[in-house]
Amino acid sequence: MSWVPPTLTVIIPVWNEAPLIRDAIACARRIADEVIVVDAHSPDGTASVAEAEGVRVVQAPKGRGPQLRAAAAVAQGDVLLFLHADARLPASARDAVLAALADEQIVGGGFYIRFLPASWFTRLLEPLNSLRRNLTQRYYGDTGIFVRRSVYESLGGHRPWPVMHDYDFSGRMERAGRCVYIRHPSIYASARRFEGREIRTRILWLSIQSLYRVGVPPRLLGLAYRDARGSPEQDSAFLALARARTEEPGR
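Residues numbered from 1 in each chain as written. Predicted model: local features only at pLDDT ≥ 70, side-chain atom pairs only at ≥ 80, totals over all residues. Heavy atoms only, no water.

**Q** I'm lost on helix α3 (residues 64–74) in this one. Help?
**A** For the α-helix, the turn length of 3.6 residues means that residues three or four positions removed from each other point alike. All buried positions along α3 are accounted for by G65, P66, Q67, L68, A71 and A72. Buried residues in α3 make contact with β1 (8–14), β2 (34–39), β4 (79–82), α6 (149–154) and α7 (165–176). (Buried < 20%, exposed > 50% of the residue type's maximum accessible area, 1.4 Å probe, protein only. Helix = DSSP H or I, 4+ residues; strand = E, 2+ residues; numbered from the N terminus. Contact = heavy atoms within 4.5 Å.)

Rendered as structure tokens:
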């Protein structure tokens, strides 16, 4: 019997992402059989923009952990790919994921992350993120985590936490079976969270990670986390750069 490629659902968790969501949906449609936007009752009309694009919109309590669980519960795809609203994948990402999953021993994985606009800080951060991933077998959601739905369900999905839900899930996924780390193509994420506060943001995340490792509850750690939103100029710059990277072969 010939191999039948699995269907792919892209899940996009959002909170006040009206400036980016239309483009995020267009990106997701290039690689997905199904796109689900999971909103947390954003006051800026994100859900209305997504609905106007014709994708399924799910409402859930605020926090990426609860949001991802809610969307995964209604997803129809054989594979779930969690894509942040400020991250972009080229169309070739679909072939890369399906090629990896043609090996039945592979349960999931993620992508090498590059930040836009690039800076001295992001050029340093990208290889450090890759090193951490290789050493700890854990990574964050901005790497475009994907997983077989059957494996996701068997693991109980994401914990309903405001932070560290992806770090926790990737660790459990890695222990459940073989995972892949796709370097080509890469995923491109906005550097909006760093611009003007590079060192402060890095120290904050290292502190949250360290406190999590010594047992501080993620719900408490979430009090120290602030959602990063870009200015209109930052969002426009990211979108222009991301389109150039994801629409040109070999970039």
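Anyway, onward from the coordinates.
**Q** Honestly, the nonpolar core in this entry has me stumped. Any pointers?
**A** A general feature of soluble globular proteins is that nonpolar side chains tend to end up buried together. Of all hydrophobic cores here, the largest spans 40 residues; its most connected members are I12, I21, L81, F111 and F146. Those residues in contact with F111 that sit more than four places away from it in its chain are L81, L89, A93, V97, T143, G144, F146, Y181, I182, P185 and I187. (Core = buried A, V, L, I, M, F, W, Y, C linked by side-chain atoms within 4.5 Å.)

**Q** Would you explain the packing of aromatic side chains in this entry?
**A** For any pair of aromatic rings, the description consists of the separation of the ring centres together with the inter-plane angle of the planes. Following the criterion strictly, the structure yields eleven aromatic pairs and no others. Taking the centre distance of 5.2 Å and the plane angle of 80° together, the rings of F115 and F194 count as edge-to-face. Of this pair, F115 sits in strand β6 (residues 106–116) while F194 sits in the loop between β8 (178–190) and α8 (198–213), placing them 79 residues apart in sequence. F115 gets classed as buried once you look at its relative accessible area, which sits at 2%. Note on F194: relative accessible area 8%, which makes it buried. Ring plane angle 85° and centroid distance 5.9 Å describe the contact between Y167 and Y212, whose orientation is recorded as edge-to-face. A residue pair is termed long-range when its members are at least 10 positions apart, and Y167 in helix α7 and Y212 in helix α8 qualify at 45 residues. (Phe/Tyr/Trp six-rings, centres within 6.5 Å; stacked < 30°, edge-to-face > 60°.)

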